[in-house]
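Each chain is listed here by its residues.
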Amino acid sequence: MRDLLLIFGAALAGALAVGGLGAAALRLLGGRSIMAHIWVLIAVTVGSVTAGVVVIARAMFLSPHDLRVVLVTVAAGTAVSLAVGWLFGRRLAAAAVWAAQARERERTLEKGRRDLVAWVSHDLRTPLTGLRAMAEALEDKVVHDPATVAEYHRRIRVESDRMARLVDDLFELSRINAGALRLSPSTVPLGDVVSDAVAATAPIADTRRIRVVAAESTWPAVRASEPELTRVVANLLLNAVRYTPEDGTVWVSGGNDRDGAWLAVADTCGGIPEADLPRVFDVAFRGERARTPGGADGAVGGLGLAIVRGLVEAHGGRVDAHNIPNGCRFVVHLPAVP
């Protein structure tokens, strides 16, 4: 029994020495990656067993041959243990990083959902309050002047159209996010789509004396679904008109490059804060300039650019935003027809 206790004590001393070194290493690696910590833990575990075996083997006064056999056996087991531990440690580290990223994405999505609900609630409550007040005024015959009654009717229609567009945008966004969007690609002349979008935006721009200028160049043909592409161009133009000051200008241009076809919409909005540029396509992002309803077109902002990104990415393209002197520029890249 005494011999066993001595053997246990000697092995424990060797293991504690290795464990102390491992603890010091972990303290020094406090800011390193999780893989470094896992590797130290594996090395300490295997090293403790190896140190205990080596200490006892030398204390037993084995013959040189027997001692070499023990050491070779321990070395083989140590090599295999470290290799297997390193392999599974990498998997464990990757799983931990993936889980952390998944939690971060979940928090981001949850915050986005809360922001969207709050944004929609606010921008629905405002027109609903006005509609209710005007409807009660008409019902109680508070207003009698025909011109005022006609104005109330016009404003009720405008607010109703605004809410209908918001509902349509929410439905379109839900289709994009759910992967339920079904495209019907065909060869689409980009110039025709731009011409139709400019003509549709012209009445809205005219009310604020904003010029919408389309470049007179050779417009490329793209491989896209025409209704969705029309929505992309219209949303970009409406966004540019909405945030361009009166007497400003919106330019639309397009062409081909090495990556395919491109379409650009530039305005004179004064630019977007650099910190906000990566987030302008987020759902209901407002930034420093509040996207409040009641713009020139009476439309509700906040979803248009998110829909643009979703539709462009569904076509296998991308959309970018960057500042230019006195304004900003949105560039859409799409696959071109060979």
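Residues numbered from 1 in each chain as written. Predicted model: local features only at pLDDT ≥ 70, side-chain atom pairs only at ≥ 80, totals over all residues. Heavy atoms only, no water.

Visitor: Which residues make up the overall build of the chain, and what values go with them?
Guide: On a plain count of helices and strands, the chain comes out with 7 helices and 7 strands. Tracing the chain from N to C terminus, the helices and strands come up as α-α-α-α-β-α-β-β-α-β-β-α-β-β. In the chain, buried positions account for 36% of the 338 residues. Taking all contacts inside the chain whose residues are at least 6 apart in sequence as the whole, residues at least 24 apart take part in 72%. When the accessible surface of the chain is split by element, carbon and sulfur atoms take 61% of a total near 19,600 Å². (Helix = DSSP H or I, 4+ residues; strand = E, 2+ residues; numbered from the N terminus. Buried < 20%, exposed > 50% of the residue type's maximum accessible area, 1.4 Å probe, protein only. Contact = heavy atoms within 4.5 Å. Areas by Shrake-Rupley, 256 points an atom, 1.4 Å probe, with all protein chains shown as cover.)

Visitor: Run through the nonpolar core, naming residues and quoting values.
Guide: Counting 48 residues, the largest nonpolar core has Leu237 and Phe330 as the members making the most contacts within it. Not counting residues within four places of it along the chain, the set of residues in contact with Leu237 comprises Ala197, Val198, Thr201, Val212, Val250, Val252 and Val265. If you look at the next biggest cluster of nonpolar residues, it comprises 7 residues, including Met134, Val143, Val149 and Tyr152. (Core = buried A, V, L, I, M, F, W, Y, C linked by side-chain atoms within 4.5 Å.)

Visitor: Talk me through the side chain of Thr244; I want residue IDs and the actual numbers.
Guide: Positionally, Thr244 belongs in the loop between α6 (226-243) and β4 (249-257). Apart from residues lying up to four places away in sequence, Thr244 is in contact with Arg208, Ile210, Thr249, Val250, Asp267, Thr268 and Cys269.

Visitor: Explain the pattern of salt bridges residue by residue, including any values.
Guide: Here the idea is simple: oppositely charged side chains can pair when their charged atoms come close. Counted according to the given criterion, the structure contains 7 salt bridges. In this structure, Glu136 and Arg132 form a salt bridge, with 3.2 Å as the shortest nitrogen-oxygen distance. In this pair, Glu136 and Arg132 are both assigned in helix α3 (residues 64-139), 4 residues apart and thus about one turn of the helix distant. What makes Arg132 exposed here is its relative accessible area of 58%. (Salt bridge = Lys/Arg side-chain N within 4 Å of Asp/Glu carboxyl O.)

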